[in-house]
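# An overview of the molecular structure
These are the residues of each chain, in order.
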Amino acid sequence: MVAATTEPSVRAALRSPRMLRTEVLAGLVVALALIPEAISFSIIAGVDPRVGLFASFTMAVSIAFLGGRPAMISAATGAIALVIAPVMREHGMDHLIATVLLGGVIQVALGLLGVARLMRFIPRQVMVGFVNALAILIFLAQVPHLVDVPWPVYPMVAAGIAVIVALPRVTNVVPAPLVAIVALTAFTLVAALDVPDVGDEGELPESLPSLFFPDVPFTLDTLQIIAPYALAMALVGLLESLLTAKLVDDITDTHSDKTREAWGQGAANLVTGFFGGMGGCAMIGQTMINVKVSGARTRISTFLAGVFLLVLVVGFGEVVALIPMAALVAVMIMVSVGTFDWHSVRPATLRRMPKSETTVMVATVVVTVLSHNLAIGVGVGVLVAMTLFARRVAHLTETHREVVTHHDGTTSAVYRVTGELFFASSNDLYTQFEYAEDPEHVVIDLSASHVWDASTVAALDAITTKYHRKGKTVEIVGLNPASAARHERLSGSLPSH
């Protein structure tokens, strides 16, 4: 029995006929599903279909060796295509490849600098929103294949879905999506149906990929052109890949090396660029087919997905071109259904979940779906989560006033402040004091608080200054060591506003 936190090794899979069969068939299903998507992403980027197909091959094969998350699929993606499309449109193929190469270099650098550790700052509800938005986008990507098509497409899609749902209840020997694809292709050929097929999506390559060196001048002008797109590509690719890796970790109950995955993505993009590919990153839809639907767990399936893709499009292109799009649409619709976190939208869950948490999830979903950009959606989700968290914590800060009479007859106003003091809570702190009514000696007790930033120190300075103007003295007590050090370092040096 494999421990819950131990990933099955490639060696173990090679020794087990059952595991090896699962990996091989999973790779084949993923390869078949990759073909139309790679072609469509090529169209988005404005490049020849072979550029996307070769990118999917080199990304999958490279990441199988270099990546930190076994069984995760990397290939040409829509997110990367959207980012680099303007380069192709305005400057041509050579600048596009130069952008991919620079993006790969940036990803390697960010990976080695430990950017993967920033993943812990992405809240769970943003992850849920990311997954749900991705499921919606996968479904929406199938809609064009269901509009203005011959009527047999609809029963074929329904039949494909029925096979994918029912077959696992009978047997798991062969992946249900593969059976659906083969059965519907055979039915289309036997019935001589005229329905959209993979060949309609674009011309398949007839030769192997070859080395490609971009013919661009190595000047500052070139760097100014490609750098913004390369940086955007690197960030989008890393974000999507690391989020997908985290999702696979949860599904398989295993851990992955996020730092290795980060620089591995960069290295894979470098390999892809030098073979004339459009670059890519992790693909959550194909990864879900591989891990959740087909049950793959090792690097073998990732490697074979790339190999099968190349063999299919180059060696069996004429056969692959005959696969009806209805079969692949059925597969992707079921991937969408399986990816969506249905528990998160159940009425019972929504009633129990704080409104702020639901707001974060909804914001992530809405922005991602509207922008078709996972990086923007996740970025907005994190910002909303941070804002709502700061607002919630700020309301937990309280100030209690007490007038104390001493043995010598003098009095002091003692303010006991509880809660975390930072920019959101300290801005209100200034208004919590009775400056006119308080006696000449004021004590601010912060033993139940913590000073987190310069905003709080500035607020304390402003309070002290206002009391001094009224001829009163202020004593700040109870600071813990970290707060005392911050207050001592910054007090008196911050401008008053």
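Read on for a plain summary of the structure. It should be emphasised that the depicted structure is a prediction, and the values quoted were computed from it without experimental measurement. (Residues numbered from 1 in each chain as written. Predicted model: local features only at pLDDT ≥ 70, side-chain atom pairs only at ≥ 80, totals over all residues. Heavy atoms only, no water.)

The secondary structure content of the protein amounts to 20 helices and 6 strands. Counting only C-alpha atoms and orienting by the principal axes, one finds that the protein spans roughly 105 × 60 × 50 Å. Pairs at least 24 residues apart make up 83% of the contacts formed inside the protein by residues separated by at least 6 positions. Taking the 31 positively charged and 38 negatively charged side chains of the protein as two groups, their mean positions are separated by 9 Å. (Helix = DSSP H or I, 4+ residues; strand = E, 2+ residues; numbered from the N terminus. Contact = heavy atoms within 4.5 Å. Lys, Arg positive; Asp, Glu negative; His and termini not counted. Charge placed at Lys NZ, Arg CZ, Asp CG, Glu CD.)

Mapped onto the secondary structure, A12 falls in helix α1 (residues 10-15). For the pair formed by A12 and T298, sequence separation is 286 residues and the distance between their alpha carbons is 9.5 Å.

Attention now goes to the side chain of S449. Mapped onto the elements of the fold, S449 is located in strand β5 (residues 441-451). On the basis of relative accessibility, which here comes to 7%, the residue S449 falls in the buried class. Within the local environment of S449, its side chain forms a polar contact with the backbone oxygen of G419, the two atoms lying 3.4 Å apart. For S449, the residues in contact, after removing those within four places along its chain, are V417, T418, G419, L421 and N480. (Buried < 20%, exposed > 50% of the residue type's maximum accessible area, 1.4 Å probe, protein only. Polar contact = N/O pair within 3.5 Å; in protein donor to acceptor, adjacent residues only side chain to side chain.)

Evaluated as defined, the whole model comprises 9 aromatic pairs. Aromatic pair F213 and F274: ring centres 5.7 Å apart, planes at 55°, arrangement tilted. In this pair, F213 is assigned in the loop between α8 (176-191) and α9 (220-252) and F274 in helix α10 (residues 258-274), connecting sequence segments 61 residues apart. The class for F213 is exposed, based on a relative accessible area of 57%. A relative accessible area of 33% means that F274 is categorised as partly exposed. (Phe/Tyr/Trp six-rings, centres within 6.5 Å; stacked < 30°, edge-to-face > 60°.)

Here we take up the pattern of salt bridges. Tallied over the full model, the rule gives 6 salt bridges. Between D249 and R69 there is a salt bridge, with the nearest N and O atoms lying 2.5 Å from each other. Of the two residues, D249 sits in helix α9 while R69 sits in the loop between α3 (49-66) and β1 (74-75), which places them 180 residues apart along the sequence. Just as D249 is buried, R69 falls in that class too. With a closest N to O distance of 2.7 Å, D438 and R401 form a salt bridge. One end of the pair, D438, is in the loop between α18 (423-429) and β5; the other, R401, is in strand β3 (residues 398-405), and 37 residues separate them in sequence. Judged by relative accessible area, D438 falls into the buried class, the value being 3%. Among the residues examined, R401 registers a relative accessible area of 39% and is labelled partly exposed. (Salt bridge = Lys/Arg side-chain N within 4 Å of Asp/Glu carboxyl O.)

Along the polypeptide, E240 turns up in helix α9. Although E240 is buried, it forms no salt bridge, and the closest oppositely charged side chain is R69 at an N-O distance of 15 Å. With residues near it in sequence (within four places) discarded, E240 still touches A79, F130, C281, A282 and L374.

Another point: helix α6 (residues 124-140). In this model, α6 (17 residues) spans 24 Å end to end at C-alpha, consistent with the 24 Å of a helix rising 1.5 Å per residue. Counting buried positions along α6 yields 13 of 17 residues, so the element is predominantly enclosed. (Expected span 1.5 Å × (residues − 1).)

For α8, with 16 residues, the first-to-last C-alpha span of 22 Å sits near the 22 Å given by 1.5 Å per residue. Every buried residue of α8 is listed here: A176, P177, L178, A180, I181, L184, T185 and T188. Buried residues belonging to α8 abut α2 (17-45), α7 (153-170), α11 (284-293) and α14 (325-339). Downstream of α8 by one or two residues, A192 has phi in the positive range, about 55°.

This part is about the packing of α2 against α8. Contact geometry for α2 and α8: axes closest at 9 Å, N-to-C directions at 50°. With respect to α8, the element α2 is oriented oblique. Where α2 crosses over α8, the two elements pack in a sense that is left-handed. Judged by residue contacts, L25, L28, V29 and L32 of α2 engage P177, L178 and I181 from α8. Taken together, the residues that form the contact of α2 with α8 break down as 7 nonpolar, no polar and no charged. (Axes fitted to C-alpha atoms, helices over the stretch in contact; angles between N-to-C directions. Parallel < 35°, antiparallel > 145°, perpendicular 65-115°, else oblique. Left-handed = near helix turned anticlockwise from the far one by under 90°. Nonpolar A, V, L, I, M, F, W, Y, C, P; charged D, E, K, R; others polar.)

Time to look at the sheet that holds β3. The pairing of strands in a sheet happens through backbone hydrogen bonds and is either parallel or antiparallel. A sheet is described by the order of its strands in space; here 4 strands give the open sequence β3-β4-β5-β6, paired in mixed fashion. Sheet topology places β3 and β6 (473-477) at the edges, where each strand pairs with a single neighbour. On average, each strand axis in the sheet is tilted by 20° relative to the strand beside it, whichever way the strands run. Note that β5 and β6 share 5 bridges and pair parallel. (Pairing = 2+ DSSP bridges.)

The next subject is the pairing of strand β4 (residues 411-421). Note: β3 against β4, 8 bridges, orientation antiparallel. Within β4, the residue paired with V404 across the bridge is S412. The turn linking β3 back onto β4 is made up of 5 residues, and G409 within it adopts a positive phi angle of 90°. As paired strands, β4 and β5 are joined by 9 bridges and run parallel to one another. Across the sheet, the residue bridging to G419 is S449, located in β5. With respect to chirality, the unit in which β4 leads through α18 into the neighbouring parallel β5 is right-handed. (Right-handed = clockwise from strand over helix to strand, strands pointing away.)

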